[in-house]
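The primary structure of each chain is shown beneath.
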Amino acid sequence: MELVYQSDGKRVVVNPDLLVIACDPRGLEPVMEFTPQERPLLDALRNFTFYTTCLRVYPRTTQDRVVILAPDVVESQAGLVQGYRNETAKQWGLPAANSATTNVVTTYQMVGINGASDPATLAAQRSAFLDDPPSWWPFQPGRYEIVQVEEHQDGAVHPAVNPLFTPYFNQFPAAALGAGAPWRWLNIQGMNDTVYVHASTCFESVLHCWSYLNILLAARPQLLAAPKDSTIVVIGAGVSGLLFAQRFIDEGFTDVSLLESTNRFAGKTHSLQVPDQGGTSIAELGTCYLSPAYDEMARALSEFTVGNARVPVAHGSERGIVVGAPPNETVMAYSDYGLMVACQSLGFGWPCSKAKQDAAYLKLIEAALFYVGLRLEIFGTIDGVMPTSRPAGDPHGVFSKTFAQFLDDNGMGVLKGYLMYAYQVQGYGDLDKIPAYYGLVWITPDIAQPFGGTSGVTAWQKGWEDVWDQMVTKRAMNITLNARVVSVRR
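Residues numbered from 1 in each chain as written. Predicted model: local features only at pLDDT ≥ 70, side-chain atom pairs only at ≥ 80, totals over all residues. Heavy atoms only, no water.

(A) Representation of the sheet that holds strand β18 (residues 310-312) within the structure. Read from one edge of the open sheet, three strands run β17-β21-β18, paired in antiparallel fashion. Whereas interior strands pair on both sides, the edge strands pair on one side only; in this sheet they are β17 (289-290) and β18. Across three bridges, β18 lies against strand β21 (residues 458-460) in antiparallel orientation. Bridge pairing links Pro-312 to Thr-458 in β21. (Pairing = 2+ DSSP bridges. Helix = DSSP H or I, 4+ residues; strand = E, 2+ residues; numbered from the N terminus.)

Below, the structure written as structure tokens:
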């Protein structure tokens, strides 16, 4: 194998024993020829686009929410501002945010498949929102600044990315899922001395990149049995590339290098350190939350989280859901919203009596328990990861139905209000559009419980980027930044 790249004006030729694709493989199309097994998988992939902005804003009303989401805007996937997270309130509490002259917030915009996703259009939509905001935006109209701070990585200093414009959640349509696309990726791993570990092989989150690496190594134990002086080149120093490099370095491999096309590592992780309230607030533009499903991974990576505690994010009522049409929108607590949707789905209407609310809660608990059992039946595991082998046929419509259809057809429609937040707010698509398979991958048993609490949602006190900074430093990773791959011949 021959790989040629350019860095600092120099042309470098390497002959790796193993090539690891940790970037979106479609980005290598101009320089790498794909096999007949790889080509249809790449052609079937599609993605959303995410646009997040960290702003300094000026409160105009008393706030009682840390996070607000507008579900109708999320469903449109048209790039409009769909909600925000108040980083000041997350870091210092709502009383501090309400008494401060300014707050730091992160706004979210998402574009669906084949939508208009150029940065200029998204920036214009954000500006229009901020200049004439809806009633649920508790900050002064037209008064804001885009935060500009520096990022420090591995001894280098440069302006932090803000806003962040990024492809998000590579996914397969229903037909490709039904044809077993995720498991076809797994079947070709190692062919031509090449493995694929980018999120497109599994899902999107850090958890799934980490879990997929475990699946890959279990399916291809010969990778770890190779000579320890094998030359391993990883294209992409994002989350999946760093996790792969860390694992192989820890297994004793001595020649692991990473090529990164940008001037920084960590991929979609951007933990802005923003001066705020006499201290620092962390604004996560990309990777942000953890749930209890992350616990095993967090323990495995604990060496890289020293001094970086997990802190709760937006307890119960601090998470708000926008309901109603402009200009009469109101903001409900997440728990109340979930209960309202459940009552409406049962024909009780809203508001309704305490007795009907209690009956709805019982239905919610029954539905959650049924969901856990059905997911176990289909996936064969309760873990938050894709099953290691393709479920036979199309069990309960897991490939052919949308997640909303799947829930309705299996008597679990009452859960949709709660899952609106648990799934859609993460940027993984509309319940009415995304194949049920992806919903089942993300909504693990702990997330499925409809009790209106935090569901264990946490964030790293110093941000996700601190995790990767510690990993790169403690493993003395060999990363070449601003590396442009010129050709790959396999």
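(B) Representation of the side chain of Asn-47 in the model. Here Asn-47 shows up in strand β4 (residues 46-59). A polar contact of 2.9 Å, which involves the side chain of Asn-47, links it to the side chain of Arg-26. For Asn-47, the residues in contact, after removing those within four places along its chain, are Arg-26, Ile-113, Pro-167, Tyr-168, Phe-169, Asn-170 and Gln-171. (Polar contact = N/O pair within 3.5 Å; in protein donor to acceptor, adjacent residues only side chain to side chain. Contact = heavy atoms within 4.5 Å.)

(C) Structural view of the environment of Val-341. By the element assignment, Val-341 lies in helix α12 (residues 334-345). Taking relative accessible area as the criterion, Val-341 reaches 16% and is therefore assigned buried. Each C-alpha atom, one on Val-341 and one on His-396, is 23 Å from the other, the two residues being 55 residues apart in sequence. (Buried < 20%, exposed > 50% of the residue type's maximum accessible area, 1.4 Å probe, protein only.)

(D) How the structure looks around helix α5 (residues 119-131). In this model α5 runs 18 Å from its N-terminal to its C-terminal C-alpha over 13 residues, within 8% of the 18 Å that 1.5 Å per residue would give. On its buried face, α5 sits against β4, β6 (78-86), β7 (103-111), β8 (139-146) and β11 (164-171). (Expected span 1.5 Å × (residues − 1).)

(E) Highlighting the packing of helix α10 (residues 239-250) against helix α18 (residues 464-474). It is the contact of α10 with α18, at a shortest axis distance of 11 Å, that shows an interaxial angle of 35 degrees. Seen from above, α10 lies across α18 with left-handed handedness. Touching Val-239, Leu-242, Leu-243 and Gln-246 of α10 are Trp-468, Met-471 and Val-472, all from α18. Considered class by class, the residues forming the contact of α10 with α18 number six nonpolar, one polar and no charged. (Axes fitted to C-alpha atoms, helices over the stretch in contact; angles between N-to-C directions. Left-handed = near helix turned anticlockwise from the far one by under 90°. Nonpolar A, V, L, I, M, F, W, Y, C, P; charged D, E, K, R; others polar.)

(F) Quick look at the pattern of salt bridges. Taken as a whole and judged by the stated rule, the model has 19 salt bridges. A salt bridge links Arg-264 to Glu-465, with the nearest nitrogen and oxygen atoms 3.4 Å apart. Separated by 201 residues along the polypeptide, Arg-264 in the loop between β14 (255-259) and β15 (271-276) and Glu-465 in helix α18 bring together distant segments of the chain. Comparing Arg-264 with Glu-465 shows no difference in burial state: the two are buried. The closest approach of N and O atoms between Lys-416 and Asp-408, which form a salt bridge, is 3.0 Å. Via salt bridges that share partners, Glu-29, Arg-39 and Asp-43 belong to a single interconnected network. (Salt bridge = Lys/Arg side-chain N within 4 Å of Asp/Glu carboxyl O.)

(G) Structural detail: the state of the cysteines. According to the stated counting rule, one finds zero disulfides in the structure shown. Of the cysteine sulfurs around Cys-54, a residue in no disulfide, the closest is that of Cys-288, at 13 Å. The exposure class assigned to Cys-54 is buried, which follows from its relative accessible area of 0%. Left unpaired, Cys-352 is separated from the closest cysteine sulfur, that of Cys-343, by 3.6 Å. (Disulfide = S-S within 2.5 Å.)

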